[in-house]
Amino acid sequence: MKKGQVYEGSVVRVDFPNKGIVCVGDETAVVKNSLPGQKVKFSVNKVRKGKAEGRLLEVTEKSPLETGRKCSLFGLCGGCTYLSLPYEEQLKVKEKQVKRLLDSVLNRQEEAWIFEGIKGSPKAYEYRNKMEFSFGDEYKDGPLALGMHRRGSFYDIVTVADCKIVDADYRLILQTVRDYFAGEKVSFFHRMSHEGYLRHLLVRKASRTGEILVALVTTSQNPWRGEDSSAEVSGDANALIAGFRDLLLTLEQDGKLAGKFAGILHITNDSIADVVQSDHTELLYGQEYFYEELLGLKFKISTFSFFQTNSYSAEVLYQTARDYVGDLGGSDKTVFDLYSGTGTIAQLMAPAAGKVIGVEIVEEAVEAAKKNAAANGLHNCEFIAGDVLKVLDEVEEKPDMIILDPPRDGIHPKALPKIIAYGVDHIVYISCKPTSLVRDLEVFLENGYRVDKAVAVDQFPWTANVETVVLLSHKKPDGHINVK
């Protein structure tokens, strides 16, 4: 295939995360955002070492698996990948992706291992408990939009008024807030000029308790770009924010929401980068946190706390991890929960262990973990704030079992030897990116570990993401660590 040329072919499979493998005669190309069974037209934008990558131009023939769009914005919004497939077919796609990646490394393992397929989410729609919506416009100088980035665009925003992965409360809040600020003719923050006011709207809702936390993120600039910033205008800005708060509370008072507000916040963020962070937070109503429940435990969650975005499937994920841990063999055992977040896994392990030590780099998450453990009556959990790479040099205790739940990029290469050096009999690895997982598994296999079993868990229906849980066992300790 030649760069710049247009081709047409059939999608034979989709590799993780959304890489369609398109056949054109005897040649293949990778075309993102295509589905198995589709016929697509694409232009080749890269050829390297005989491998071509293309940009999707048109779906000339739908896949026989497609049953129609559940959302009017599917294909425009960058949030969902598989929404036109039946859920069962999406699960098959993800199961094959994970199995193919695991096979690529485990075909070198002498011992047999078991792949337990994929576990679906108990709820396929309206499952998310957190959304970060962005303000912008759908096209240059267009009307105010609030929602998700248009697929393939850094600038354009699509108002996802009928998004299917969140419930009706999210959709109503989104539309109400967009209409309010559009009516007030408030500017949004432009990523090129760094001018404007509105940046993001964070909405978090506990799936079990129904508590809602909303945070409006703005700059400290004049809401009405181009006007002179004076004391009078500043007063209007305060009234603008008060109006935002009162409008949301009216939705609850009028019985239009299924949930209830735990808190409403105004966050000021003047960072040039397109990140959600706080220079200053003002509490407009209620409190800066809410509560969620998982597997009989209660968790306090604040605006920026990490928590699994699908509470229903998180219970499946964590119960799977608990089952993989099994019987620790005594109440005196010590478990390391590395990359512990708000301590969810650590607390689930606590009843079966003598002590659980969680390590997490985000200090706010560690503080939340400590409070959650105390509130749940778990006094054998210790949480340490710091980088796993450094903390392992400082911790005096030795683990009997290790649980790993690293970020998407996997485990830091320099932390891997330290984890392996403990020589524990079993490690449970929870991964949110199977390509990072298989990279790390290669190192474990080269250093005396084997994979006993693995299973995929669909935490993110309709998107290209999938979780994987792997049980590793120590095979032949020889004291030598082989890390390339």
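This structure is a prediction, so every number in the text was calculated from the model and none was measured.

Caption draft 1: Inspection of empty space enclosed by the protein at higher detail. Taken as a whole and assessed by the stated rule, the structure comprises 2 cavities of 30 Å³ or more. Looking at the largest cavity, its volume works out to about 120 Å³. Together, C71, L73, F74, C77, G79, C80, L83, M148, V160, C163, K164 and I165 line the largest cavity. Taken together, the residues of the lining of the largest cavity sort by class into 10 nonpolar, 1 polar and 1 charged. In this structure, the second largest cavity encloses a volume near 50 Å³. Every residue lining the second largest cavity is listed: F135, F189, R191, L198, R199, H200, I272 and D274. The dominant element in the lining of the second largest cavity, judged by the number of residues it contributes, is strand β10 (residues 198-205), at 3 residues. Residue composition of the lining of the second largest cavity, grouped by class: 4 nonpolar, 1 polar and 3 charged.

Caption draft 2: Looking closely at the sheet that holds strand β1 (residues 6-15). Spatial ordering of the closed barrel is given by β1-β2-β3-β5-β4, a layout of 5 strands whose pairing is mixed. Each adjacent strand pair in this sheet contributes to an overall mean axis angle of 50 degrees, direction not counted. Pairing of β1 with strand β4 (residues 39-48), which is carried by 5 bridges, proceeds in the antiparallel orientation. Looking at the pairing, S10 lines up with K39 of β4.

Caption draft 3: Seen up close, the nonpolar core. With 93 residues, the main nonpolar core has I173, F181, L201, F244 and F444 as its most contacted residues. The element best represented in this core is helix α1 (residues 87-106), accounting for 7 residues. Apart from residues lying up to four places away in sequence, F181 is in contact with F135, L144, V186, L198, L216, L240 and F244.

Caption draft 4: Layout of the packing of aromatic side chains. The full count for this structure, using the stated rule, is 12 aromatic pairs. Among the aromatic residues, those joined into a cluster by ring pairs are F135, Y180, F181 and F244. Seen from the ring of F154, R191 lies directly overhead, with NZ or CZ sitting 5.8 Å from the centre. Positioned above the aromatic ring of Y289 is the side chain of K300, whose terminal nitrogen or guanidinium carbon lies 4.1 Å from the ring centre.

Caption draft 5: Representation of the layout of surface pockets within the structure. For the second largest pocket, the calculated volume is near 800 Å³. Lining the second largest pocket are 31 residues, with K32, N33, R55, L56 and R151 positioned closest to its centre. Breaking the lining of the second largest pocket down by element, the ones donating at least two residues are β2 (19-24), β3 (27-32), β4 and β5 (51-61). The dominant element in the lining of the second largest pocket, judged by the number of residues it contributes, is β5, at 9 residues. For the lining of the second largest pocket, the per-class residue count stands at 9 nonpolar, 10 polar and 12 charged.

Caption draft 6: Up close: the state of the cysteines. In total, this model carries 0 disulfides according to the counting rule given. For C77, which is in no disulfide, the shortest distance to another cysteine sulfur is to C80 and amounts to 6.3 Å. Unpaired in terms of disulfides, C80 finds its nearest cysteine sulfur in C163, a separation of 6.1 Å. By relative accessible area, which is 11% here, C80 ends up buried.

Caption draft 7: Quick look at the pattern of salt bridges. Under the criterion given, the structure shown has 22 salt bridges. Where R13 meets D15, a salt bridge forms, and the shortest distance between an N and an O atom there is 2.8 Å. On the basis of relative accessibility, which here comes to 17%, the residue D15 falls in the buried class. K418 is paired through a salt bridge with D393; the nearest N and O atoms lie 2.7 Å apart. A residue pair is termed long-range when its members are at least 10 positions apart, and K418 in helix α8 (residues 416-421) and D393 in the loop between α7 (388-391) and β19 (401-404) qualify at 25 residues.

Caption draft 8: Summary view of the side chain of N380. Within the fold, N380 resides in the loop between α6 (363-375) and β18 (381-385). Look at N380 and you get buried, because its relative accessible area is 19%. At a separation of 3.0 Å, a polar atom in the side chain of N380 contacts the main-chain carbonyl oxygen of A353. Those residues within four positions of N380 in sequence are excluded, and the remaining contacts are A350, A353, G354, K355 and V356.

Rules of the game
- Residues numbered from 1 in each chain as written.
- Predicted model: local features only at pLDDT ≥ 70, side-chain atom pairs only at ≥ 80, totals over all residues.
- Heavy atoms only, no water.
- 1 Å grid on protein atoms, 1.4 Å probe; cavity = no way out; pocket = protein on both sides within 12 Å on 5 of 7 lines; lining within 4 Å.
- Points joined across faces, edges and corners; volume = space filled by probe spheres on them.
- Nonpolar A, V, L, I, M, F, W, Y, C, P; charged D, E, K, R; others polar.
- Helix = DSSP H or I, 4+ residues; strand = E, 2+ residues; numbered from the N terminus.
- Pairing = 2+ DSSP bridges.
- Axes fitted to C-alpha atoms, helices over the stretch in contact; angles between N-to-C directions.
- Core = buried A, V, L, I, M, F, W, Y, C linked by side-chain atoms within 4.5 Å.
- Buried < 20%, exposed > 50% of the residue type's maximum accessible area, 1.4 Å probe, protein only.
- Contact = heavy atoms within 4.5 Å.
- Phe/Tyr/Trp six-rings, centres within 6.5 Å; stacked < 30°, edge-to-face > 60°.
- Lys NZ or Arg CZ within 6 Å of the ring centre and 35° of its normal.
- Disulfide = S-S within 2.5 Å.
- Salt bridge = Lys/Arg side-chain N within 4 Å of Asp/Glu carboxyl O.
- Polar contact = N/O pair within 3.5 Å; in protein donor to acceptor, adjacent residues only side chain to side chain.

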